[in-house]
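Read off the chains here:
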Amino acid sequence: MSRNGDGEEVVAKKRTRRIKEVVQVALRGGCLAASATAMAVMLTANEEGVADIYGFKLTLSSNWSFSPSYQYVVGACTATILYSLFQLCFGVYRLLTGSPIIPSRFQAWLCFTFDQLFGYLMMSAASAGSGVTNLNKTGIRHTPLPDFCKTLSSFCNHVALSILLVFLSFIFLASASFFTVILLSATT
């Protein structure tokens, strides 16, 4: 009887491990999707319009590449897409072969470190981009320049959506890191 109970316990442990691994792969897929969408939305952020400043018609044109902060967002998204794609392909391959996604403590620490690195990269890119976006929406209060987004609202909406998706990508990376910590704590 104890032998049967031990067998059920082993099956339950394998099932729990497999569920954790599927969640990790899903988080990688979510990070990849959020990062790729954020980059695509940012790359399509461009618009032209005419602003009326004290009776003068001023032609405004904006593109994501005009701002170093937005270029940083695109660069961070590119790096995170490549990392997430590698992790996702590796995780799916390991799931399909039935082997553990993270077979050793060293690899778990490596995944944790890179998840943290790319998570902080995405957070810093989103923070840099949100500062410029806020300035575009509110204008410069101590000068007569109006807010930029009244004239170029489509551009501002694209950028804001992209930054929101970058923050979402950070949440996926932080969650993947959290699951790696759970895996590390379970193997001690």
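It should be emphasised that the depicted structure is a prediction, and the values quoted were computed from it without experimental measurement.

**Concerning the packing of helix H2 (residues 68-97) against helix H3 (residues 105-138)**
Close contact between H2 and H3 brings their axes to 9 Å; oriented N to C, the two are set at 155 degrees. The angle between the axes of H2 and H3 places the two elements in the roughly antiparallel class. Relative to H3, the crossing made by H2 is left-handed. For the contact of H2 with H3, a count of residues per class yields 15 nonpolar, seven polar and one charged.

**Re the packing of aromatic side chains**
The full count for this structure, using the stated rule, is six aromatic pairs. Consider the rings of phenylalanine 86 and phenylalanine 90, whose centres lie 6.1 Å apart with planes at 10 degrees: the pair is stacked. Here phenylalanine 86 and its partner phenylalanine 90 are both found in helix H2, four residues apart, which amounts to about one turn of the helix. Residue class for phenylalanine 86 comes out exposed when judged on its relative accessible area of 54%. Using a relative accessible area of 29% as the deciding quantity, one classes phenylalanine 90 as partly exposed. Grouped by ring-pair contacts, the aromatic residues Tyr83, Phe114 and Phe118 constitute a single cluster.

**What about the UniProt feature "transmembrane region" (unreviewed entry) in the chain?**
Cross-referencing UniProt, the feature "transmembrane region" (unreviewed entry) maps to residues 25-45, 70-96, 108-128 and 160-184 in the present numbering. The straight-line gap between the two end C-alpha atoms of residues 108-128 is 30 Å; of that span, 100% is helix and 0% is strand. A distance of 36 Å separates the end C-alpha atoms of residues 160-184, which is 100% helix and 0% strand.

**Examining the pattern of salt bridges**
Per the stated rule, a full pass over the model turns up two salt bridges. Between glutamate 21 and arginine 18 there is a salt bridge, and its shortest N-O distance comes to 3.0 Å. Of this pair, glutamate 21 and arginine 18 both sit in helix H1 (residues 2-43), three residues apart, which is roughly one turn of that helix.

**Regarding a nonpolar patch on the surface**
Judged by side-chain polarity, Phe106, Leu110, Phe114 and Leu117 come together as a nonpolar surface patch covering roughly 400 Å² of accessible area. Within the secondary structure layout, leucine 117 lies in helix H3.

**Things to note about the nonpolar core**
Counting residues in each nonpolar core, the largest one holds 37 residues, and the members touching the most others are Met42, Tyr70, Cys77, Phe155, Val159 and Val166. Where this core is concerned, the elements lending two or more residues are H1, H2, H3 and helix H4 (153-186).

**Examining the side chain of threonine 180**
For threonine 180, the position within the fold is in helix H4. A distance of 3.4 Å separates a polar atom in the side chain of threonine 180 from a polar atom in the side chain of glutamine 24. In terms of polar contacts, threonine 180 uses its side chain to reach the backbone carbonyl oxygen of alanine 176, at 3.0 Å. Beyond its immediate chain neighbours, meaning those up to four positions away, threonine 180 contacts Gln24, Ile102, Ala108, Cys111, Phe112 and Asp115.

Cut-offs used in this document
- Residues numbered from 1 in each chain as written.
- Predicted model: local features only at pLDDT ≥ 70, side-chain atom pairs only at ≥ 80, totals over all residues.
- Heavy atoms only, no water.
- Axes fitted to C-alpha atoms, helices over the stretch in contact; angles between N-to-C directions.
- Helix = DSSP H or I, 4+ residues; strand = E, 2+ residues; numbered from the N terminus.
- Parallel < 35°, antiparallel > 145°, perpendicular 65-115°, else oblique.
- Left-handed = near helix turned anticlockwise from the far one by under 90°.
- Nonpolar A, V, L, I, M, F, W, Y, C, P; charged D, E, K, R; others polar.
- Phe/Tyr/Trp six-rings, centres within 6.5 Å; stacked < 30°, edge-to-face > 60°.
- Buried < 20%, exposed > 50% of the residue type's maximum accessible area, 1.4 Å probe, protein only.
- UniProt positions renumbered as here; feature names shortened; annotations may be inferred.
- Salt bridge = Lys/Arg side-chain N within 4 Å of Asp/Glu carboxyl O.
- Patch = residues over 30% accessible without salt bridge, like charges linked within 9 Å, V, L, I, M, F, W, Y side chains within 5 Å.
- Areas by Shrake-Rupley, 256 points an atom, 1.4 Å probe, with all protein chains shown as cover.
- Core = buried A, V, L, I, M, F, W, Y, C linked by side-chain atoms within 4.5 Å.
- Polar contact = N/O pair within 3.5 Å; in protein donor to acceptor, adjacent residues only side chain to side chain.
- Contact = heavy atoms within 4.5 Å.

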